[in-house]
Amino acid sequence: MTLTTGTTSVPVDTDAADEQQYIETLTLLSEGSVHKHFDPYVDIDWESEKFAVPANDPRWVLPAKTDPIGGHAWYQALPLDKQIEVGMWRQANVAKVGLQFENILIRGMMQYVFSLPNGSAEARYCTHESIEECNHTLMFQEMVNRVGADAPGMSRPMKMLSPFIPLFATLLPELFFVGVLAGEEPIDHIQKSVLRSGEDIHPIMQGVMAIHVAEEARHISFAHQLLRRRVPKMSKAGRFLLSLAFPITMRILCDVIVIPPKKFWTKFDIPKQVKKDLFWGTPESQHALQDYFGDVRMLATDTGMMNRAARLMWKLCGIDGKASRFRSEPDRSSHQFAA
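Criteria and thresholds
Residues numbered from 1 in each chain as written. Predicted model: local features only at pLDDT ≥ 70, side-chain atom pairs only at ≥ 80, totals over all residues. Heavy atoms only, no water. Phe/Tyr/Trp six-rings, centres within 6.5 Å; stacked < 30°, edge-to-face > 60°. Helix = DSSP H or I, 4+ residues; strand = E, 2+ residues; numbered from the N terminus. Buried < 20%, exposed > 50% of the residue type's maximum accessible area, 1.4 Å probe, protein only. Polar contact = N/O pair within 3.5 Å; in protein donor to acceptor, adjacent residues only side chain to side chain. Contact = heavy atoms within 4.5 Å. Disulfide = S-S within 2.5 Å. Axes fitted to C-alpha atoms, helices over the stretch in contact; angles between N-to-C directions. Parallel < 35°, antiparallel > 145°, perpendicular 65-115°, else oblique. Nonpolar A, V, L, I, M, F, W, Y, C, P; charged D, E, K, R; others polar. Salt bridge = Lys/Arg side-chain N within 4 Å of Asp/Glu carboxyl O. Core = buried A, V, L, I, M, F, W, Y, C linked by side-chain atoms within 4.5 Å. Left-handed = near helix turned anticlockwise from the far one by under 90°. Patch = residues over 30% accessible without salt bridge, like charges linked within 9 Å, V, L, I, M, F, W, Y side chains within 5 Å. Areas by Shrake-Rupley, 256 points an atom, 1.4 Å probe, with all protein chains shown as cover.

Engineer: When you look at the packing of aromatic side chains in this model, what are you seeing that I'm missing?
Structural biologist: Each aromatic ring pair is specified by the distance between its two centres and by the angle formed by the two planes. Counted under the stated rule, the structure contains 14 aromatic pairs. Pairing Phe177 with Phe222 gives two aromatic rings, centres 5.8 Å apart and planes at 85 degrees, and the pair type is edge-to-face. With Phe177 in helix α7 (residues 173–197) and Phe222 in helix α8 (residues 203–230), the pair connects residues that are 45 residues apart, well separated along the chain. A residue is classified by how much of its surface remains accessible, and Phe222, at 0% relative accessible area, is buried. Judged by centre distance (5.1 Å) and plane angle (90 degrees), the rings of Phe279 and Trp280 are edge-to-face. Side by side, Phe279 and Trp280 carry an identical accessibility label, which is buried. Taken together, the ring pairs connect Trp89, Phe264, Trp265, Phe268, Phe279, Trp280, Tyr292 and Phe293 into an aromatic cluster.

Engineer: Sorry, what's going on with the side chain of His219 here?
Structural biologist: Among the structural elements, His219 can be located in helix α8. At 2.5 Å, the side chain of His219 forms a polar contact with the side chain of Glu132. Polar side-chain contacts of His219 include one of 3.0 Å to the side chain of Glu216. Excluding its chain neighbours within four sequence positions, the residues that come into contact with His219 are Tyr125, Glu129, Glu132, Glu133, His136 and Glu184.

Engineer: Just to check I follow, could you spell out the state of the cysteines for this structure?
Structural biologist: Linking two cysteines covalently through their sulfur atoms gives a disulfide. Applying the stated criterion across every chain yields a total of zero disulfides. Here Cys126 is not disulfide-linked; the sulfur of Cys134 is the nearest cysteine sulfur, at 13 Å. Free of any disulfide, Cys254 has its nearest cysteine sulfur in Cys317, 11 Å distant. Taking the relative accessible area as the measure of exposure, Cys254 reaches 0% and is therefore buried.

Engineer: What should I look at first to understand the packing of helix α11 (residues 272–281) against helix α12 (residues 283–291) in this one?
Structural biologist: The packing of two helices is summarised by the inter-axis angle and the distance between the axes. Two elements in contact, α11 and α12, have axes whose closest approach is 7 Å; the angle formed by their N-to-C orientations is 40 degrees. For the element pair α11 / α12, the angle class is oblique. Judged by residue contacts, Asp277, Leu278, Trp280 and Gly281 of α11 engage Ser285, Gln286 and Leu289 from α12. Of the residues in the contact of α11 with α12, the class split is three nonpolar, three polar and one charged.

Engineer: Would you mind showing me how to read the pattern of salt bridges here?
Structural biologist: Oppositely charged side chains are able to pair whenever their charged atoms sit close together. Scanning all chains against the criterion turns up 15 salt bridges. The residue Arg146 makes a salt bridge to Glu47 at a minimum N-O spacing of 2.6 Å. With Arg146 in helix α4 (residues 121–147) and Glu47 in the loop between α1 (14–35) and α2 (73–76), this pair connects stretches of sequence that are 99 residues apart. Accessibility expressed as a relative area gives 65% for Glu47, which makes it exposed. Salt bridges here are not isolated pairs; linked through shared partners, they connect Glu19, Glu122 and Arg229.

Engineer: When you look at the nonpolar core in this model, what are you seeing that I'm missing?
Structural biologist: It is characteristic of soluble globular proteins that their nonpolar side chains tend to be buried jointly. Grouped together as the largest cluster of nonpolar side chains are 90 residues, with contacts concentrated most on Phe177, Phe222, Phe246, Met250, Phe293 and Trp314. The biggest single contributor to this core is helix α3 (residues 80–113), with 14 residues.

Engineer: I keep staring at the environment of Phe140 and nothing clicks. Help me out?
Structural biologist: Structurally, Phe140 is set in helix α4. The exposure class of Phe140 is buried, given its relative accessible area of 4%. The spatial distance from the C-alpha of Phe140 to the C-alpha of Pro40 is 9.1 Å, given a sequence separation of 100 residues.

Engineer: Is there a simple way to explain the packing of α3 against α7 in this structure?
Structural biologist: Viewed as axis vectors pointing N to C, α3 and α7 meet at an angle of 155 degrees, and their least axial separation amounts to 11 Å. Considering the angle they form, α3 stands roughly antiparallel to α7. Handedness of the crossing formed by α3 with α7: left-handed. Residue-level contacts link Gly98, Phe101, Leu105, Gly108, Met109 and Tyr112 of α3 to Pro173, Phe176, Phe177, Gly179, Val180, Gly183, Glu184 and Ile187 of α7. Split into classes, the residues belonging to the contact of α3 with α7 amount to nine nonpolar, four polar and one charged.

Engineer: Sorry, what's going on with a nonpolar patch on the surface here?
Structural biologist: A surface patch of nonpolar side chains, about 590 Å² in accessible area, is lined by Leu161, Phe164, Leu167, Phe168, Leu171 and Leu172. As for its position among the elements, Phe168 is in helix α6 (residues 168–171). Look at Phe168 and you get partly exposed, because its relative accessible area is 34%.

Engineer: What is the right way to read the environment of Ile319 from this model?
Structural biologist: Here Ile319 is to be found in the segment after α14 (308–316). Ile319 sits 287 residues away from Gly32 along the chain, and the two C-alpha atoms are 32 Å apart. Once you skip the residues sitting within four places of it in the chain, Ile319 turns out to touch Pro247, Met250, Arg251, Leu289, Gln290, Phe293, Arg297 and Trp314.

Here's what the structure looks like:
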């Protein structure tokens with residue numbers, strides 16, 4: 001590339017310019033972590049009266065607009081005390097899954113940072129992010145403890161795989177950070193929807209979600225920036241294989257995070273048809289699933305990974321659809337969970 005000034009053409013090193021812009025972006029993200037960060041034991045007053053968890057508090061009833069279980073006729077037909085019990089267990093398990101996912105993420109981040117050179121802007125930001133994620137795990141566990149539900153979090157197969165996933169951070173870092181987004185994007189989307197809905201939820205949930213959404217914005221931005229930088233530099237074959245693995249990873253990890261474990265269905269004797277409806281057997285639930293991934297479809301398109309074969313894979317995974325025009329674009333179509 002050349003820059004023309006008058007009659008003189010001056011060569012411009014686009015790689016160096018892109019690298020400098022990337023470093024500046026990471027520096028901004030790091031400064032954001034320094035100047036705007038949260039401590040779960042400072043910024044949440046766990047001992048205040050409003051954070052108490054009394055029995056039969058209707059604020060634990062799952063919201064119909066933003067939770068697939070809350071919008072189902074089976075759940076809505078339950079007595080209020082049972083709705084509250086199911087809601088508390090569900091929300092505690094969501095927090096436990098978030099904790100476990102971020103534990104895996106932290107291990108992978110530290111694996112990635114281990115071999116980065118001195119002075120690396122990536123090393124600094126990844127370490128800031130890992131510190132924030134450690135605080136999130138403390139916050140999520142405190143919520144689980146106070147709700148009092150013995151929530152297991154992820155399914156047993158995922159727990160067995162968890163020691164091996166961080167290795168991808170050095171073996172296949174592009175795939176690892178796709179996995180990071182596969183975990184972060186659905187949780188972020190769901191929590192933003194709950195906060196935007198204005199529904200009456202328990203202050204513990206509201207406080208935890210508000211902190212998590214605020215800091216996850218930086219974490220998701222970093223993963224997007226890293227992939228935008230690294231993917232175009234991959235070999236043609238590598239980029240093609242990643243384009244196919246992208247939607248598969250998104251769908252698998254989304255199910256791990258969003259669908260409750262076996263214990264949930266047996267504990268509350270939930271009919272199989274209800275589970276099928278909720279994940280993902282109705283048009284409304286299918287729409288919600290697709291809606292989680294508008295931002296990453298935009299990323300796949302912008303990085304040259306939305307080829308013909310990849311589009312077919314997105315469709316086969318049930319998460320195809322239009323790409324977002326900008327990050328966190330809200331879904332303005334009229335739908336809600338129902339059975």
